[in-house]
Amino acid sequence: MPARPTYTILAIFGFLSLALLDIVVLFFPARGYEISIYESTPIIVWLCVIFALFAGILIVIRHVFAGNTDTPHFWLVGFLLIIVARFSLLYIPNFRGYFGWQGDHITHLGMIKDIVESGSVLNNYYPVTHIVLAETHLLTALPIDFLSLYSTAFFSVFYIIALFVLASTVFQNKKMQLLALAAAGGVFFSSYDLLLMPNGWSMFLIPFLLFLYFRSRNSLKYKVLTLLILVTYPFFHPLSTVMLIEMLVVIGVLGILFSSLENRNSGLNTHFKHFPFLEVLLLSCIFIFWVLQFSRFEINLMSIYTTIILGGSIPADPLADMSEKLLKVNMGTIDFLLYTLKTMGSEAIYLLFTVLATILVFARYLKEKTFRGTGMFASFLIITYLIGIMYLGYLLNVFSFLESVDPVRFQAFAVLFTPLAVAFVISHLLEKKRHSIARVCVALILIASLLSIISIFPSPYILQPNREVTGMDMAGMDWILSTRDKDTGFVCINSPPTRYADAIMGKEQSSRIMKWRYPIIPDHFGYDQHPSLGYCYAENQYAALTKMDRIMYSTVWESVGRFDDKDFDRVNADRSVNRIYDNGETEVYYITVV
């Protein structure tokens with residue numbers, strides 16, 4: 001039976017909306033720095049991408065609900081619509097002319113330049129991402145900044161495909177596989193979908209690696225392919241490697257446990273035959289020998305040793321630090337709950353599905369006294385809980401040693417496999433003929449997708465300024481870095497020149513001639529304590545201020561009270577401050593000591 005005309009029309013309008021999106025975006029380029037991409041981009045663009053993404057999800061889910069009454073392969077139309085919509089959303093900043101993003105993103109751009117210019121990874125301890133883009137640049141002659149801006153979306157999309165093929169191994173039911181695809185297709189759990197970051201790329205590969213591992217249990221060719229990829233994986237990112245090792249160990253241990261419960265009279269060989277000894281050993285050996293070459297990891301190892309072995313503790317209290325930041329922006333309890341809903345609403349919804357799936361798996365075991373059919377899926381539930389416990393332990397200052405590995409990253413790992421739980425719950429409801437509740441779950445998928453779409457880009461909506469880097473920002477920073485007095489340092493507000501130096505001259509050269517951190521300009525330029533900014537320093541300084549620096553504290557973070565428009569008017573009249581460059585986006589000042 002062919003697909004219902006309603007869904008055929010939905011697919012047609014979905015693709016037409018994406019075509020309209022592309023046309024509108026090209027006619028509304030960014031004109032300098034924007035505090036919010038959502039407000040600067042016509043609303044029709046966001047409506048089009050949301051409609052297309054929802055249409056793709058609904059077509060796939062409708063195929064599951066329809067069962068044998070639907071065209072066998074019509075779900076592929078929905079799948080294609082999801083993929084194209086996902087690309088279109090992530091490329092909105094690119095099509096509007098953004099140069100890049102502040103922070104690690106432009107530093108990684110410089111690390112690609114290092115490889116292109118030197119032909120060596122130098123001191124790069126996660127070089128695979130940069131090698132791939134450097135080779136792509138050399139083969140295609142595409143600009144490095146272009147590749148750095150456009151490449152991550154491919155890994156975001158690859159994650160959807162990887163989760164789908166992983167679901168084909170975890171679940172034997174084709175409906176559950178398609179539900180996992182639909183659940184993953186519309187959500188963007190973190191900035192890893194947007195920014196060029198090796199940890200993000202390597203994290204998105206994990207579902208595919210686990211798919212290969214499960215297939216390799218009974219296939220020599222998959223075994224060889226799995227081992228070949230695992231050899232390169234420790235060079236992707238240290239944290240992702242540790243997380244993959246932990247996941248393989250958890251899957252192996254639970255496999256032994258489930259086998260022991262199912263086959264109590266079998267020998268040890270039966271229980272241990274699927275433990276990933278070779279995979280864990282290979283990853284661990286390469287990882288240990290690789291990271292020990294870099295002095296940077298000595299600090300991390302010493303922190304862990306001090307905390308665990310000697311009973312010491314890193315003097316940090318994450319919750320207290322979080323409370324202090326909330327107080328600065330005058331955020332009360334209700335405001336905090338709304339903020340949490342905005343920033344982590346999609347994660348919360350999918351973690352709720354994880355809890356429901358856990359209850360269903362446990363109830364099925366109590367009824368059938370077997371994990372057959374759910375054992376592999378249960379492993380991913382346990383992995384999710386363990387990562388969540390690690391992050392919760394950090395927040396409660398129990399695992400204080402995690403501070404050395406930036407534990408906020410655990411949020412992304414914790415929700416990596418949650419679409420599998422969504423698929424399991426909805427499939428169970430359909431099996432029990434609870435179609436009305438299943439439709440509520442579908443609505444929750446759409447709500448989670450919407451929440452992630454309207455928060456994936458930093459904006460005042462989630463109390464963050466846009467992290468856009470403009471071409472004029474790069475031009476202004478390039479000018480001061482090439483003409484400055486090398487003996488004069490920098491001060492900054494929120495745009496450290498080190499990051500721009502990484503992108504302009506390469507990370508290796510930048511680290512030789514630039515400091516890692518520079519002093520922060522005092523609140524109100526020090527005018528609440530001194531008549532002139534020059535009184536605040538013992539030596540002359542440069543200050544390169546972007547448009548974001550000038551407007552973020554008068555818009556998004558106005559309640560913090562650091563700077564206002566009067567402060568910038570006053571600095572322009574300050575005799576100790578000389579404006580030596582201005583391109584309309586970035587201003588460079590020379591501060592003379594008084």
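Source: prediction; values computed, not measured. (Residues numbered from 1 in each chain as written. Predicted model: local features only at pLDDT ≥ 70, side-chain atom pairs only at ≥ 80, totals over all residues. Heavy atoms only, no water.)

Asks: How do you make sense of the packing of aromatic side chains when you look at a structure like this?
Replies: What characterises a pair of aromatic rings is the spacing of the ring centres plus the angle enclosed by the ring planes. Going through the model one piece at a time under the given rule, you end up with 40 aromatic pairs. Plain terms: the ring middles of Phe525 and Phe568 are 5.2 Å apart, the flat faces sit at 85° to each other, and that makes the pair edge-to-face. Of this pair, Phe525 sits in the loop between helix H25 (507-513) and strand E4 (541-546) while Phe568 sits in helix H27 (residues 565-572), placing them 43 residues apart in sequence. For Phe568, a relative accessible area of 8% corresponds to the buried category. Within the aromatic cluster, the residues linked to one another by ring pairs are Phe87, Tyr91, Phe95, Phe146, Tyr150 and Phe154. The lysine or arginine in question, Arg86, covers the ring of Phe188, its NZ or CZ lying 4.1 Å from the ring centre. (Phe/Tyr/Trp six-rings, centres within 6.5 Å; stacked < 30°, edge-to-face > 60°. Helix = DSSP H or I, 4+ residues; strand = E, 2+ residues; numbered from the N terminus. Buried < 20%, exposed > 50% of the residue type's maximum accessible area, 1.4 Å probe, protein only. Lys NZ or Arg CZ within 6 Å of the ring centre and 35° of its normal.)

Asks: Where do I start with the pattern of salt bridges in this structure?
Replies: Think of it this way: side chains of opposite charge can pair up when their charged atoms draw near. All told, the structure shown has seven salt bridges when counted by the stated rule. Among the salt bridges present, the one from Glu34 reaches Arg96, with a minimum N-O distance of 2.7 Å. With Glu34 in the loop between helix H1 (5-26) and helix H2 (37-40) and Arg96 in the loop between helix H5 (92-95) and strand E1 (100-101), this pair connects stretches of sequence that are 62 residues apart. The residues Glu34 and Arg96 share a single accessibility class, namely buried. Asp104 is the salt-bridge partner of Arg499, the closest N and O atoms lying 2.8 Å from each other. One end of the pair, Arg499, is in helix H24 (residues 497-505); the other, Asp104, is in helix H6 (residues 104-118), with 395 residues separating them in the sequence. In this structure Arg499 comes out as buried when scored by relative accessible area, which is 18%. By relative accessible area, Asp104 is classed as partly exposed at 27%. Within the structure, one salt-bridge network assembled from shared partners comprises Arg579, Asp582 and Glu587. (Salt bridge = Lys/Arg side-chain N within 4 Å of Asp/Glu carboxyl O.)

Asks: Before we go on, may I ask you to explain a nonpolar patch on the surface in this structure?
Replies: Where nonpolar side chains cluster on the molecular surface, the patch consists of Leu352, Val355, Leu356, Ile359, Ile382, Tyr385, Leu386 and Ile389 and spans about 650 Å² of accessible area. Breaking the nonpolar patch down by element, the ones donating at least two residues are helix H18 (333-368) and helix H19 (375-395). Tracing the backbone through its elements, the reader meets Ile359 in helix H18. Ile359 gets classed as exposed once you look at its relative accessible area, which sits at 51%. (Patch = residues over 30% accessible without salt bridge, like charges linked within 9 Å, V, L, I, M, F, W, Y side chains within 5 Å. Areas by Shrake-Rupley, 256 points an atom, 1.4 Å probe, with all protein chains shown as cover.)

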